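Structural characterization, general
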Amino acid sequence: SGAIMISFRVKFTLMILYFLFGVCPSYGEVLQIDNNFDGKMDQWHHMSDDNKIIKIEYDNNGDGKIDQTDIYEKNKTPVRAEVDRNFDGNTDQFQYYRTDGSLEKIEKDTEFLGKINRKENFSINGLLKNIEIDSDGDEKMDGWQNFNDQGKITNAEYDTNRNGKVDRWEIFNSKETLITAQFDTDNNSKPDQFQHFYPSGKLKKVEFDTNLNGQIDRWEFYNEDEKLDRVEWDRNHDGKPDMIKHK
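The present account deals with the structure reproduced in this document. Please read these numbers as outputs of a predicted model, since none were measured by experiment. (Residues numbered from 1 in each chain as written. Predicted model: local features only at pLDDT ≥ 70, side-chain atom pairs only at ≥ 80, totals over all residues. Heavy atoms only, no water.)

Turning to the overall build of the protein, a few remarks are in order. Helices and strands together make up the secondary structure of the protein, namely one helix and 18 strands. Here the protein holds 247 residues, and the buried ones make up 36% of them. Relative to all contacts within the protein whose residues are 6 or more apart in sequence, the contacts with residues 24 or more apart total 12%. Looking at the protein as shown, the accessible area adds up to about 14600 Å², and 50% of this sits on carbon and sulfur atoms. (Helix = DSSP H or I, 4+ residues; strand = E, 2+ residues; numbered from the N terminus. Buried < 20%, exposed > 50% of the residue type's maximum accessible area, 1.4 Å probe, protein only. Contact = heavy atoms within 4.5 Å. Areas by Shrake-Rupley, 256 points an atom, 1.4 Å probe, with all protein chains shown as cover.)

Written out as structure tokens, the structure is:
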């Protein structure tokens, strides 16, 4: 939404001022604009000596303070945007653009603590490709979500114990519903617990590799009310259940 806002505002302002009214900024000056006609200046266009845009600053909420800066560096479209989303005077979102003007990446401080804790990467057609998350504020990413070419989430990985290794894997279906979650409970970077879900999102089955030999040897089955229905064991680890208990 930020990219659309920036693109529309820039095109609208430049078109109205430069063409309809014949306003053309002088070389090297700052053109001040009252874009919403409330009597207060809310845009500042900084021009280079060769009459190209260096940057455009915005006061989006009318408090007299800059809360968004689109940086052009003499390009026809912005190369970067810096946004203060909560209007506290600190930049908490950075948007990066490709040379064709399309949005490439957004970095956010979603907690407004002065630390980037979320990075969103976009495809050339504007759809989300992946997200990186720092969930505990230690400035190290511990969550990764991946999206397909329709912009829908397909899988995710997490480092839940913050040791630098992925220990949880999630797989989603075409409707973006979680169908499988895998866990590494002994920190060997290999899943040893597998949770499967009904289309409703409720737990259906849990599989365990209790002796960590890479084979499932315990199964828990749940009904659609998420109540345990039965448990099966493979006590001799030959790959086949040899004891069943109904709840």
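For the structure shown, the criterion picks out zero aromatic pairs. The ring centre of Tyr96 lies 5.0 Å from the NZ or CZ of Lys105, which sits over that ring. (Phe/Tyr/Trp six-rings, centres within 6.5 Å; stacked < 30°, edge-to-face > 60°. Lys NZ or Arg CZ within 6 Å of the ring centre and 35° of its normal.)

Turning next to the environment of Tyr198. As for its position among the elements, Tyr198 is in the loop between strand 14 (193-197) and strand 15 (203-208). When its relative accessible area of 14% is taken as the criterion, Tyr198 is described as buried. In this structure the C-alpha to C-alpha distance between Tyr198 and Glu224, which are 26 residues apart in sequence, comes to 7.3 Å. With sequence-adjacent residues up to four places away left out, Tyr198 is seen in contact with Leu203, Lys204, Tyr222, Asn223 and Glu224.

Before going further, it helps to spend a moment on the nonpolar core. Counting residues in each nonpolar core, the largest one holds 13 residues, and the members touching the most others are Leu103, Phe122, Leu128, Ile131 and Phe147. Sequence-distant contacts of Phe122, defined by excluding residues within four places in its chain, comprise Arg98, Leu103, Glu104, Lys105, Ile106, Leu127, Leu128 and Lys129. Membership of the second largest hydrophobic core comes to seven residues, among which are Ala181, Leu203, Phe208 and Tyr222. (Core = buried A, V, L, I, M, F, W, Y, C linked by side-chain atoms within 4.5 Å.)

Take the pairing of strand 16 (residues 218-222) next. Consecutive residues of a regular strand have side chains that alternate between opposite faces of the sheet. Of all the five residues making up strand 16, four are buried; the element is thus mostly covered by neighbouring parts of the structure. Relative to strand 16, strand 15 is paired through four bridges, and the arrangement is antiparallel. Considered in strand 16, the bridge of Phe208 is made with Arg218. Linking two consecutive strands that pair antiparallel, namely strand 16 and strand 17 (residues 228-233), is a turn of five residues; a positive phi of about 65° is found at Glu226 within it. (Pairing = 2+ DSSP bridges.)

Unlike most non-glycine residues, Phe87 shows phi in positive territory, near 60°. With respect to the helices and strands, Phe87 occurs in the loop between strand 5 (80-83) and strand 6 (93-97). In this structure Phe87 comes out as partly exposed when scored by relative accessible area, which is 39%. Even without glycine at this site, Ser189 takes up a positive phi of about 70°. Within the secondary structure layout, Ser189 lies in the loop between strand 13 (178-183) and strand 14.

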